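Commentary on secondary and tertiary structure
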Amino acid sequence: MSLKLKALTKSLWVFHLCVGGSCNNCDIEILDLLTPRYDVERFGIMLVGSIRHADMLLVTGSLTYKAAARAKRLYEQMPKPGIVVAVGSCALGRGIFKDGYNTPCPLDELIPVDVYIPGCPPKPEAMIAGIVKLVEKFRGGK
Amino acid sequence: MMILFNYLVFPGFLFSGVVGLIASWIDRKVTARVQWRVGPPWYQNFVDFLKLMGKEVTLPRGDKATFLFAPFLGLISITLVATIIGKLFINPAESFIGDLIVVLYLLIIPAIAIILGASASSNPLASIGVSREMKLVLAYELPFILAIATVIIKASTTIKLGEIVTYQLNNGAILGSVSGLIAFIVAILCMQAKLGLVPFDASEAEQEIMAGVFIEYSGFLLAIFKLMKSMLLYVMPLFLISLFWAANISIYSLLGKYVLLLVIVILVKNTSPRLRIDQALKFFWGPITALAVIAVVLALLGK
């Protein structure tokens, strides 16, 4: 694994994006990861305020018409190499809003998703397991 | 050639870069511990720097030349200050007349580099950060210079850093006197603002204006800005020690005093809310300038 990717796995800066229709429960569970009980900062993961500083786009909520253009633009603004993580069943495939009037398509038809973390909402342990699987995938062969 | 070695390796760019990144790690670790967390490992800041070097750089719609140049302007000037202060402690007799004024001017340049770079990015959120940064610089420079005027008066009116240090080696630390102690407290608060730490970090407010001044920076330009901020964290407490507390400049005593100042700054950072920019302005031009003026008057009276 090249030095660039090795440094990337040890220092992931996360930008949290909530697209449109979401009950915010996944957002609360993501916030739990930064509290003393799980403390992901010891792995180098940090929450950043600007998309230009981010390596990882953490998407929650089911995609809506209004948010679609903005989500695509945010993905293009993230400096590559970048990772997209879809958290919660709404981000995976619109969840219970599958037949809603304002949800055009699942997220991965708009931007390429690397890690899917299912659950409604997923427990913080599940999110950490997802990040570990991502790091293993990097070490395995990319 | 010795000058090039001093500027690039020790005590210049390489040495102050490494020590600055470790000082930033001490900041993150103490912050984590105060919040009952574990915190990152010691090499975290170095890994962050490496990772940022490998990311793509995006240039905004504004003036690209200024956008590219601003981080390097800040880095060059802070390296110069680190070299001057480092050589001061190695051999106080080698400083030149007026180097205190040179250091004061050079220490404003990192703030100007941030203002230039953020303005060149032509982002409205960055322009809010720029206006706040400009107001903050106006606010804290006045009591800072008054506190340094106290030091100049007490060290028998000299503007040579080497003579200030040797005066303290012979006559005891300037912060031993009443005026010196008041000026030291004023200088610590001004240092907190210059380092851009809570309660005075309104220009880079993360939750409010989405990283403010640095919003458009990515890749190695952001790495240079973060390195500049870390080197500022290394240089500023050392500068304050050389002005106020240089009664004993052996390496252990310097290390102990530096770590103590760093911990004071970090603890103030962790226990304070963020001040609004008008509150910060009123704070610095009101009570703090009054304290600094009292310190100058006491120094003139000989206390």
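Everything here concerns the structure above.
Here we summarise the structure given alongside this text.

**Comments concerning the overall build of chain B**
In terms of helices and strands, chain B carries twelve helices and zero strands. Each helix and strand of chain B, ordered N terminal to C terminal, gives the series α-α-α-α-α-α-α-α-α-α-α-α. Relative to its length of 303 residues, chain B is compact, with a C-alpha radius of gyration of 19 Å against a globular reference of 19 Å. Dimensions of chain B, computed from C-alpha atoms along their principal axes, come out at roughly 55 × 45 × 40 Å. Contacts in chain B between residues at least 24 apart in sequence constitute 81% of all its contacts with a sequence separation of at least 6.

**Some words on the environment of Val296(B)**
Residue and element names in this part refer to chain B. On the secondary structure map, Val-296 appears in helix α12 (residues 277-300). For Val-296 and Gly-180, which are 116 residues apart along the polypeptide, the C-alpha to C-alpha distance reads 9.0 Å. The residues touching Val-296, leaving out its near neighbours within four places in the chain, are Leu-146, Ala-149, Thr-150 and Ile-153.

**Regarding the packing of helix α3 (residues 44-53) of chain B against helix α10 (residues 219-244) of chain B**
Residues and elements named next belong to chain B. In the contact formed by α3 and α10, the axes pass within 7 Å of each other and the chain directions differ by 150°. By the angle between their directions, the pair α3 and α10 is classed as roughly antiparallel. Of the residues in α10, those in contact with Asn-45, Phe-49, Leu-52 and Met-53 of α3 are Gly-219, Phe-220, Leu-222, Ala-223, Leu-227 and Ser-230. Residues that form the contact of α3 with α10 fall into these classes: seven nonpolar, three polar and no charged.

**With respect to the environment of Lys72(A)**
All names here are of chain A. Looking at where Lys-72 falls in the secondary structure, it is placed in helix α3 (residues 65-77). Along the sequence, Lys-72 and Leu-107 sit 35 residues apart, while their C-alpha atoms lie 9.9 Å from each other. Not counting the four nearest positions on each side in its chain, Lys-72 is found in contact with Leu-110 and Ile-111.

**Re the pairing of strand β4 (residues 83-87) of chain A**
All names here are of chain A. Taken across its five residues, β4 has five buried, putting it largely inside the fold. As defined by bridge partners, strand β3 (residues 56-60) adjoins β4 across four bridges and the pair is classed as parallel. What sits directly across from Leu-58, in β4, is Val-85. Once the chain exits β3 it traverses α3 before rejoining the sheet at β4, and the crossover so formed is right-handed. One ladder, built from three bridges, connects β4 with strand β5 (residues 115-117); its direction is parallel. Bridged to Val-87 within β5 is Ile-117.

About the cut-offs
- Residues numbered from 1 in each chain as written.
- Chains lettered and ligands numbered in written order.
- Predicted model: local features only at pLDDT ≥ 70, side-chain atom pairs only at ≥ 80, totals over all residues.
- Helix = DSSP H or I, 4+ residues; strand = E, 2+ residues; numbered from the N terminus.
- Rg over C-alpha atoms; globule rule 2.2 N^0.38 Å.
- Contact = placed C-beta atoms within 7 Å.
- Axes fitted to C-alpha atoms, helices over the stretch in contact; angles between N-to-C directions.
- Parallel < 35°, antiparallel > 145°, perpendicular 65-115°, else oblique.
- Nonpolar A, V, L, I, M, F, W, Y, C, P; charged D, E, K, R; others polar.
- Buried ≥ 20, exposed ≤ 12 C-beta atoms within 10 Å, placed from the backbone.
- Pairing = 2+ DSSP bridges.
- Right-handed = clockwise from strand over helix to strand, strands pointing away.

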